[in-house]
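Coordinates in review
The chain contents come next:
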Amino acid sequence: MYTQAMDLMPKGDGKPSVPLSATEQQLLDRFEARIDDGAFVEPKDWMPDHYRRTLVRQISQHAHSEIVGMLPEGNWITRAPTLKRKAILLAKVQDEGGHGLYLYAAAETLGVSRDELIDQLHAGKAKYSSIFNYPTLSWADVGVIGWLVDGAAIMNQVPLCRCSYAPYARAMIRICREESFHQRQGYDALLVMMRDGTPRQRDMVQDAVNRWWWPSLMMFGPPDEASNHSEQSMRWGIKRISNDDLRQKFVDATVQQAKVLGVSLPDPELRWNEAREHFDFGPIDWDEFWRVVGGDGPCNRERLADRAQAWDEGAWVREAALAHAAKSTTQRKAA
Ligand code: FAQ
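Residues numbered from 1 in each chain as written. Predicted model: local features only at pLDDT ≥ 70, side-chain atom pairs only at ≥ 80, totals over all residues. Heavy atoms only, no water.

Details of the overall build of the chain
How we decide: Helix numbering and strand numbering both begin at the N terminus, where a helix is a DSSP run of H or I of at least 4 residues and a strand a DSSP run of E of at least 2. Radius of gyration here is computed from C-alpha atoms only, and the compact-globule reference equals 2.2 Å multiplied by the residue count raised to the power 0.38. Under the scheme applied here, a residue whose accessible area is under 20% of the maximum for its type counts as buried, over 50% as exposed, and between as partly exposed, the area being computed with a 1.4 Å probe on protein chains only. Here a residue-residue contact requires only that any non-hydrogen atoms of the pair lie within 4.5 Å. To measure how exposed things are, a 1.4 Å probe is used in the Shrake-Rupley method; for residues, cover is taken only from the protein chains shown.
Across its full length, the chain carries 13 helices and two strands. For a compact globule of 335 residues, the expected C-alpha radius of gyration is about 20 Å, and the chain comes in at 22 Å, within 12% of that figure. In terms of overall dimensions, the chain has C-alpha extents of about 70 × 65 × 35 Å along its principal axes. For the chain, the proportion of its 335 residues judged to be buried stands at 46%. Sequence separation of at least 24 residues holds for 75% of the intrachain contacts in the chain that already meet a minimum separation of 6. Just so you have it, the chain exposes about 17,400 Å², and 55% of that area is on carbon and sulfur atoms.

Here it is in structure tokens:
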């Protein structure tokens, strides 16, 4: 049983930690050659255990982010200002739930059960995106989540449509299409408030932008030099663009959108750098990021408690679905 703890596969430097057998080495070489050729990996293909575990980690964290991400906006469904906005928000929150389901299904193709992953989330052992541990204080937060949070999510997720693991890549194509609608509905809601709203409503938008800007930049993960998984994930074609490069692309795109909207971004150091042909921006508070990731953000405890409650209250639905499936099987067999 002690051998189960042995990790034969590459550490950060890509080198196996113990000598591989000739067969293992051959399988690994063949796998890496396929990755280098840009081939997609399917669930039944041989894959290194470390590749499998990296994917389970990333896909499950992503799935958890989607279902925890339903909570901050779900908080505003009953208070949406018009029927139209309520219908849009309901659809969006449902979409996020659907994204979670595609992703749990993709993770299950790697041999892990959804129940196991959900248990890890409820026990506080699994990570989910830091961004969803911040509160939604006003209606403008819903628009800003669409604009900035979904905007950052798209920036990060479009390259994942080319992830080397095919079930994840396929899920991401569908998810990205929906995320772009989410981003646009958020931007549209803010545009209406900024163009046709009262001074108080415009202040509300600016206040929401001030609170969500820095946490949105943190969504891309730690700086490249502190990102312990990036090197291996990039080599295996799981990640295609680094955390810092994606963050920069997001800043460059968002500055222009903020101008059209008529809001300022809360960073005095934000300015165009002619030489780099990118916007420079101020330092990110990584202590805050790690605090939130470590479970001590403004809403971490509330989010986990809400998820656990939803799971418990949904037990009867799961039981009913299982009972129905069992009954249908019995009837089919009897027919
Ligand atoms: N929050 O070495 P790296 C959405 C962790 S979905 C919490 O750079 P990696 C849709 C990381 O897990 C948003 N933890 O890691 C929506 C690792 O910890 P570990 C979610 C974070 O995996 C919108 C450690 O730090 N999107 O928004 C975060 O190579 C609106 C070291 O980091 C995805 O999950 C973070 N922000 O790169 C829903 C996309 N960043 O596992 C509702 C897929 C890093 O060693 C409403 N994921 N960590 O314990 C990815 O692209 C990658 O996993 C990264 C992190 C880029 C997030």
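More follows now that the structure is in view.
Side note on the environment of Lys-333
By the element assignment, Lys-333 lies in helix 13 (residues 315–334). For the pair Lys-333 and His-62, spaced 271 residues apart in the sequence, the C-alpha separation amounts to 39 Å.

Structural notes on the packing of aromatic side chains
The description of two aromatic rings rests on the distance between their centres and on the angle between their planes. As a reminder, the rule being used: Here a pair means two rings of Phe, Tyr or Trp (six-membered ring of Trp) with centres within 6.5 Å. Their orientation is stacked below 30 degrees between planes, edge-to-face above 60, and tilted elsewhere.
Considering all chains together, one arrives at 11 aromatic pairs under this definition. Consider the rings of Phe-31 and Trp-46, whose centres lie 6.2 Å apart with planes at 80 degrees: the pair is edge-to-face. Taken together, the positions of Phe-31 in helix 1 (residues 22–36) and Trp-46 in the loop between helix 1 and helix 2 (49–68) put the pair 15 residues apart, joining distant regions of the chain. Under the relative-accessibility criterion, Phe-31 is labelled buried at 4%. Relative accessible area serves as the criterion here: at 35%, Trp-46 is assigned to the partly exposed category.

So, the pattern of salt bridges
Keep this limit in mind: Should a side-chain nitrogen of Lys or Arg be within 4 Å of a carboxyl oxygen of Asp or Glu, the pair is scored as a salt bridge.
Enumeration over the complete set of coordinates arrives at 15 salt bridges. Glu-42 is the salt-bridge partner of Arg-170, the closest N and O atoms lying 2.9 Å from each other. Placement of Arg-170 in helix 7 (residues 166–196) and of Glu-42 in the loop between helix 1 and helix 2 is noted, with a sequence separation of 128 residues between them. Notably, a salt bridge pairs Arg-276 with Asp-280, separated by 2.8 Å at the nearest N-O pair.

Considering the nonpolar core
For the record, the criterion: What makes a nonpolar core is a set of buried Ala, Val, Leu, Ile, Met, Phe, Trp, Tyr and Cys residues whose side-chain atoms join them at distances within 4.5 Å.
By size, the foremost hydrophobic cluster in this structure holds 79 residues, and its most contacted members are Tyr-51, Leu-55, Ile-59, Trp-147, Tyr-165, Tyr-168 and Trp-212. A total of 11 residues in this core trace back to one element, the largest contributor, which is helix 7. When near neighbours in sequence (up to four residues on either side) are disregarded, Tyr-165 contacts Val-41, Glu-42, Pro-43, Met-47, Tyr-51, Leu-55, Ile-59, Ala-106, Thr-109 and Leu-110.

Remarks on the packing of helix 6 (residues 139–157) against helix 8 (residues 199–218)
Each pair of packed helices can be described by the angle between their axes along with the distance between the axes. The condition that has to hold: In this analysis, axes come from line fits to C-alpha atoms, helices being fitted only over the stretch in contact, and the angle between any two N-to-C directions falls in the range 0 to 180 degrees. Here a crossing is taken to be left-handed if its near helix is turned anticlockwise relative to the far helix by less than a right angle, and right-handed if that turn runs clockwise. Polarity classes work like this: nonpolar for Ala, Val, Leu, Ile, Met, Phe, Trp, Tyr, Cys and Pro, charged for Asp, Glu, Lys and Arg, and polar for all others, with Gly in that last group.
One can describe the packing of helix 6 onto helix 8 by two numbers: an axis separation of 9 Å at closest approach and a directional angle of 35 degrees. Judged by the twist between their axes, the crossing of helix 6 over helix 8 is right-handed. Where helix 6 abuts helix 8, its residues Trp-139, Ala-140, Asp-141, Val-144, Ile-145, Trp-147, Leu-148, Val-149 and Ala-152 lie against Met-204, Val-205, Ala-208, Val-209, Arg-211, Trp-212, Trp-213 and Ser-216. A per-class count over the contact of helix 6 with helix 8 returns 14 nonpolar, one polar and two charged.

A short note on the site of the ligand
Stated precisely, the cut-off is as follows: One heavy atom suffices: a residue is near a molecule or strand as soon as one of its heavy atoms comes within 4 Å of it. Two N or O atoms form a polar contact when they lie within 3.5 Å of each other; inside protein one atom must be a possible hydrogen donor and the other a possible acceptor, and for residues adjacent in sequence the pair counts only when both atoms belong to side chains.
Surrounding the ligand, one finds 36 residues, the nearest of these being Gln-61, Lys-127, Ser-227, His-229 and Lys-239. Gln-61 places a side-chain nitrogen or oxygen 2.7 Å from an oxygen atom of the ligand. The contact in question runs from an oxygen atom of the ligand to an N or O atom on the side chain of Asn-156, over 3.0 Å. In isolation the ligand offers 1,100 Å² of accessible surface; the protein chains occlude 92% of this area. Counting residues per element, the ones that place at least two in the shell around the ligand are helix 2, helix 4 (83–108), helix 6, helix 7 and helix 11 (286–293).

Points about the side chain of Glu-96
Relative to the helices and strands, Glu-96 resides in helix 4. What makes Glu-96 buried here is its relative accessible area of 5%. Excluding residues within four positions of it along the chain, Glu-96 makes contact with Glu-66, Met-70, Asp-150, Glu-179 and His-182.

Overview of unusual backbone geometry
Excluding glycine, a negative phi dihedral is what most residues carry, and trans is how most peptide bonds are arranged. Of note, Glu-277 is a non-glycine position whose phi angle comes to about 55 degrees, a positive value. Its location among the elements puts Glu-277 in the loop between strand 1 (271–273) and strand 2 (278–280).

Quick notes on helix 6
What counts, and what does not: Expected span of a helix: the number of residues minus one, times 1.5 Å. Bend, at a single residue, is the angle you get between axes fitted to the 7 residues ending at that residue and the 7 residues starting at it.
With 19 residues, helix 6 extends 26 Å from end C-alpha to end C-alpha; this agrees with the ideal 27 Å at 1.5 Å per step. Remark: the principal bend of helix 6, roughly 35 degrees, maps to Ile-145.

Considerations on the confidence of the model for the chain
What counts is decided by this rule: For every residue, the predictor reports its confidence as pLDDT, a number between 0 and 100.
Of all residues in the chain, 95% have pLDDT values of 70 or greater, and the mean over the chain is 94. Confidence drops under pLDDT 50 across residues 1–8; counting only partners more than four residues distant or on other chains, this segment forms eight contacts.

A look at the side chain of Asn-243
Among the secondary structure elements, Asn-243 is positioned in helix 10 (residues 243–261). Of note is the side chain of Asn-243, whose polar atom sits 3.0 Å from the backbone oxygen of Pro-222. With residues up to four places along the chain from it excluded, the contact list for Asn-243 reads Phe-220, Gly-221, Pro-222, Asp-224, Ser-227 and Ser-230.

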